[in-house]
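For reference, the chains in residue letters:
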Amino acid sequence: MNSALEYLADNKAKAVDQLSAFLSIPSVSTDPAQKQQVDNCATWLFDHLEEIGFPKVTVFPTKGHPIVYAEDLAAGNGAPTILFYGHYDVQPADPIELWTSDPFTPSIRNGKIYARGATDDKGQVFAHIKAIEAMYKSGKPLPLNIKFLIEGEEEVGSKHLDSFVKENTTLLKCDAVVVSDSSMFAPGKPSLVYGLRGMAYLQLDVQGPNRDLHSGSFGGPVQNPINALAWILAALKDQSGNVMVPGFYDDVLEISKKELDQLLALGMSDERLKVDAGVTGLGGEKGFTSVEKLWTRPTLDVNGILGGFTGEGAKTVLPAKAMAKISMRLVPNQSHVDIAKKVEEFIGSMKIPGVKVTVTNLHGADPVLVPTDTEAMNAAVKALRDTFDTDVVFQREGGSIPVVLLFEKILNAPTVLMGFGLNNENAHSPDEHFDLQNFHFGSQAAVRFYTYFARSTPK
Ligand code: BES
Ligand code: MN
Ligand code: MN
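Here's what I pulled together on the structure shown here. (Residues numbered from 1 in each chain as written. Chains lettered and ligands numbered in written order. Predicted model: local features only at pLDDT ≥ 70, side-chain atom pairs only at ≥ 80, totals over all residues. Heavy atoms only, no water.)

All right, on to the sheet that holds strand β4 (residues 107-109) then. Backbone-to-backbone hydrogen bonds pair the strands of a sheet. The strands run either parallel or antiparallel. The three strands lie next to each other as β4-β5-β18, forming an open sheet whose pairing is antiparallel. In this open sheet, the two strands that pair with only one neighbour each are β4 and β18 (433-435). For this sheet the average axis-to-axis angle between neighbouring strands, irrespective of direction, equals 25°. Pairing of β4 with strand β5 (residues 112-114) involves three bridges; the strand directions are antiparallel. Following the sheet pairing, R109 is matched in β5 by K112. Sheet strands touched by helix α4 (residues 118-137): β5 and β18. Its angle to β18, the strand with the most contacts, is close to 50°. (Pairing = 2+ DSSP bridges. Helix = DSSP H or I, 4+ residues; strand = E, 2+ residues; numbered from the N terminus. Axes fitted to C-alpha atoms, helices over the stretch in contact; angles between N-to-C directions. Contact = heavy atoms within 4.5 Å.)

Structure below.
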């Protein structure tokens, strides 16, 4: 292990250069115009995984973007197997004019690398790749079997990974899964995440007249689709943060007093939250703390809205249509299928005359809680403690990683969520970046994690 850690220490600059190349490929999964770039990114990963020494690397095509898979099973039946999961796809870069430097020309400033995907998730994936490379360079055989599964559709709901996992249970068979796609509690404070929220993502289209109309000649008797959309959105969530959809909270599991006390004791501060978010005040469900609002309560957000005249000056028009994208973050034991159905029924029941409302279900994921008392968790605690030289925080997260629940269910393997990002690194926002110190720490922690897990779990 020590020679692997030494190799990492001696090769930091090279690792950052290679990460830069990885980040230069605009693998935006939601944008059909970037399809070729997403493919190129999969090929780049394939080449790199072969180059560092994985004996078997495959790119699996899917109906969407390809899955990159690498394995080394030389340790054999006497050793445990870890499945690493991450994603090489990234969010769109817009609004591009708000970036200080080009999102796909990585730039290093103050020890941070700025690029789309830096913290979510290419930088974190690459930390693990460098860890395996270092273990190969130490000259000793890997002490455990390693499988790397890196997908290209996480940011669009992991649509095709579902069937891939179901159809490849033997290929993916493992003793534990490790994911680095979340944040640390705070700078210098590593955390293990044991809960993720789920997601229901819907698009609402409201169709009014068959073309834009003069708002004087037609406004009044003819319904305005933007007004109708506003009524719908306003009806979904009130100003106290309550989602008004009947039955929305039916399956919400109340958090135990003990767990809540533990989470509150972490000392998450509203002041820091405000600074990180760049706001002067907070909102949300009355009667709950920010910790609960973020990690243990469901919510509903409008992600975007489109309609009508938004150009310079004024144009008096009654627009033909309006559209909004809404997402709900779900918590145990809500089901995304059930919630999507309830929202559709609620919107249908509003029966707004003169417009046609269509609800399209874009994707969904169920919430997940992973066990904290596993050998893999213990190995992760020790790896993080030895790397960051401080105690590890156990926390939940507000974000979603759709495939984690599937690993628990289909592969029957416990997951470790060991993230090296920070919440203020602008994931999904302009000027996304990744602290290079945490990138290097991430590689070290990964080397330790793989080593300790191999030691603690002989077969
Ligand atoms: N890495 C995030 C998930 C995440 C965010 C975990 C914050 C922990 C803290 C992931 O790439 C992501 O953005 N997921 C999407 C999933 C969605 C498209 C189903 C999300 O949470 O919006
Ligand atoms: Mn991610
Ligand atoms: Mn993301």
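What follows picks up the thread again.
The manganese ion (ligand 3) binds to the protein through D120 (OD), E155 (OE), E155 (OE) and H428 (NE2); the donor distances cover 2.1 to 2.5 Å. Every donor counted, the six donor atoms about the manganese ion (ligand 3) form angles of 55 to 159° at the centre, which fits irregular coordination. All donors of the manganese ion (ligand 3) come from a single chain, and their spacing in sequence reads D-x34-E-x272-H. Separating the manganese ion (ligand 3) from the manganese ion (ligand 2) is a gap of 3.6 Å, which D120 spans by donating to each of them. One end of the pair, E155, is in the loop between β6 (145-151) and α5 (161-167); the other, H428, is in the loop between β17 (415-418) and β18, and 273 residues separate them in sequence. (Donors = N, O, S within 2.8 Å, 3.2 Å for Na, K, Ca; no water. Tetrahedral: all angles 85-135°; square planar, octahedral: opposite > 155°, others 65-115°.)

Time to look at the site of ligand 1. The environment of ligand 1 is formed by 15 residues, the closest being E154, D181, R329, S400 and H428. Within the side chain of D181, one N or O atom sits 2.8 Å away from a nitrogen atom of ligand 1. Within the backbone of S400, one N or O atom sits 2.8 Å away from a nitrogen atom of ligand 1. The protein chains hide 88% of the 510 Å² of surface that ligand 1 would expose on its own. (Near = heavy atom within 4 Å. Polar contact = N/O pair within 3.5 Å; in protein donor to acceptor, adjacent residues only side chain to side chain. Areas by Shrake-Rupley, 256 points an atom, 1.4 Å probe, with all protein chains shown as cover.)

Glancing now at the packing of aromatic side chains. Scanning the model with the defined rule gives 15 aromatic pairs in all. Where F22 meets W44, the ring centres are 5.0 Å apart and the plane angle is 5°; that geometry is what we call stacked. In this pair, F22 is assigned in helix α2 (residues 12-23) and W44 in helix α3 (residues 35-52), connecting sequence segments 22 residues apart. Assessed through its relative accessible area of 0%, F22 is described here as buried. Residue classification places W44 among the partly exposed positions, given a relative accessible area of 21%. On the basis of an interplanar angle of 55° and a centroid distance of 4.8 Å, the ring pair of F388 and F441 is categorised as tilted. (Phe/Tyr/Trp six-rings, centres within 6.5 Å; stacked < 30°, edge-to-face > 60°. Buried < 20%, exposed > 50% of the residue type's maximum accessible area, 1.4 Å probe, protein only.)

Listing the buried residues of helix α9 (residues 257-265) in full gives E259, L260 and L263. One face of α9 carries all of its buried residues, which in axial projection span an arc of 100°. For α9, the exposed residues set more than 90 degrees away from the buried face come down to K257, K258 and A265. Where α9 is buried, its residues meet β8 (191-196), α11 (290-295) and β16 (393-396). (Arc of directions from axis to C-beta.)

Here we come to the coordination of the manganese ion (ligand 2). At this site the manganese ion (ligand 2) is bound by H87 (NE2), D120 (OD), D181 (OD) and D181 (OD), with donor distances of 2.0 to 2.4 Å. Here the donor residues of the manganese ion (ligand 2) share one chain and are spaced in sequence as H-x32-D-x60-D.

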